[in-house]
Amino acid sequence: MKIKIAIPSKGRISEPSINILEKAGLGLIDKNNRKLISKTFNENIEVMFARASDIPEFVNDGVADIGITGVDLIKENEADVSELLDLRFGQTKLVLAAPEESGINSVSDIKEGMKVATEFPVLTKKYLKEKGLNLKIVKLSGSTEAAPFIGIADLITDLTSTGTTLKMNHLQIIDCILDSTIKLIANKYSLANKKELIESVSTSIKGVLDADRKKLIMMNVKNEDLDDVKKVMPSMGGLTISEVLSNEKTVAVQAVIDEKEVFELVNCLRNAGAKDILVVPIERII
């Protein structure tokens, strides 16, 4: 039994998608050649490169068993898929925007019969219906920001992460239509019939996500200082303590901590009597 994972062949989420698979132990053997299908270190798992916009449909139709793509594209394609994980990158928003000098500063300023240009006609249509707006939708495949300035439309809906590109093009955000992030999705039939293999991929990726910004801290502590060290030591799941064979009665202490705690904690531990402190990166937490 084999599975295919569809990931974007290019664009802003392509490299992060490859990276998270590699950290999960699914290194791509043919990634440099960027073939349509790449083998991984697991003989039962292959990676398929595709356009991000096609991935929801590919997973929906069973062309791929698993996919990595954005919520915006899943909803735009109205794909009936199972969402397995939020991959915690690629945060963006689909927004409604208008030229700064248009006089359109809120939804209430929008007039009947105006035109809106977009690469997301399905989501835009749903939004307009919810707002009770009767606008003509002009579907574009790119350069949406230019539409109001060349007479194609009065407004646009477009993706933005910081709003900088919109500002550079003298557009202002009127409303937020959708908050989007990158998801690991699965075909529902595949999830039922290849559950063990799909869940092993999902579990490995979740382990990478859980390890993000976590560190393993290790140290030696004299028995007489152990209580003082315990008082200052945070831990994700409790301390691990083991005996050290030395002339002095000493134990080895280790714990998983947040990266942001490292700087202050190391000094506190030293003052509490800890020695030989090591801080080590963590690849996965299962």
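As the structure is a computational prediction, the values presented were derived from the model and not from experiment.

1. Quick look at the pairing of strand 4 (residues 66-70)
For strand 4, a buried count of 5 out of 5 residues is recorded, marking the element as mostly surrounded by other parts of the structure. Burial along strand 4 is two-sided: Ile66, Ile68 and Gly70 facing one way and Gly67 and Thr69 facing the other are all buried. For strand 1 (residues 3-8) and strand 4, the ladder comprises 2 bridges, and the chain directions are parallel. When the bridges of strand 4 are listed, Ile5 appears paired with Ile66. Of the strand pairs in this sheet, strand 4 and strand 11 (residues 182-186) are connected by 5 bridges, and their pairing is antiparallel. Paired with Gly70 across the strands is Ile182, a residue of strand 11.

2. Concerning helix 7 (residues 195-211)
Taking 1.5 Å of rise per residue, the 17 residues of helix 7 would be expected to cover 24 Å, and the 24 Å separating its terminal C-alpha atoms lies within 8% of that figure. Among the residues of helix 7, Leu197, Ile198, Val201, Ser202, Ser204, Ile205, Gly207, Val208, Leu209 and Ala211 are the ones counted as buried. Backbone geometry just downstream of helix 7 places Arg213 in the positive-phi region, at approximately 60°.

3. Side note on the sheet that holds strand 2 (residues 37-39)
If you trace the 6 strands from one edge of the open sheet to the other, you get 2-3-1-4-11-5, paired in mixed fashion. The two strands at the open ends of the sheet, each matched to only one other strand, are strand 2 and strand 5 (82-86). Shown here is a sheet whose adjacent strand axes are inclined to one another by a mean of 30°, direction ignored. Looking at chain direction, strand 1 and strand 3 (residues 45-50) are connected through 6 bridges and run parallel. If you follow Pro8 over to strand 3, its bridge partner there is Ala50. Sitting on the sheet, helix 1 (residues 14-23) touches strand 1, strand 3 and strand 4, and the angle it makes with strand 1 is about 145°. Contacts between helix 7 and the sheet are confined to strand 1, strand 3, strand 4, strand 5 and strand 11, with strand 5 contributing the most and set at about 25° to the helix.

The rules we used
- Chains are numbered independently. Their residues run from 1 in the order of the written sequence.
- Only residues with pLDDT of at least 70 are given local features in this predicted model, and only at 80 or more are side-chain atom pairs given and counted; all residues enter the totals for whole chains, interfaces and linings.
- To obtain the side-chain values, all non-hydrogen atoms of the structure were included, while hydrogens and water were left out.
- With a 1.4 Å probe rolled over the protein chains alone, any residue whose accessible area is under 20% of its type maximum counts as buried; one over 50% counts as exposed, and the rest are partly exposed.
- Numbered from the N terminus, helices here are DSSP runs of H or I no shorter than four residues, and strands are runs of E no shorter than two.
- At least two bridges found by DSSP between two strands is the condition for calling them paired.
- In this analysis, the expected span of each helix is defined as 1.5 Å times one less than the number of residues it contains.
- Orientation is described by lines fitted to C-alpha atoms, with helices fitted over the stretch in contact, and by angles between N-to-C directions that extend from 0 to 180 degrees.
- In this description, contact between two residues means that some pair of their heavy atoms is separated by no more than 4.5 Å.

Fair warning: the whole summary comes from geometry, so function is off the table for now.
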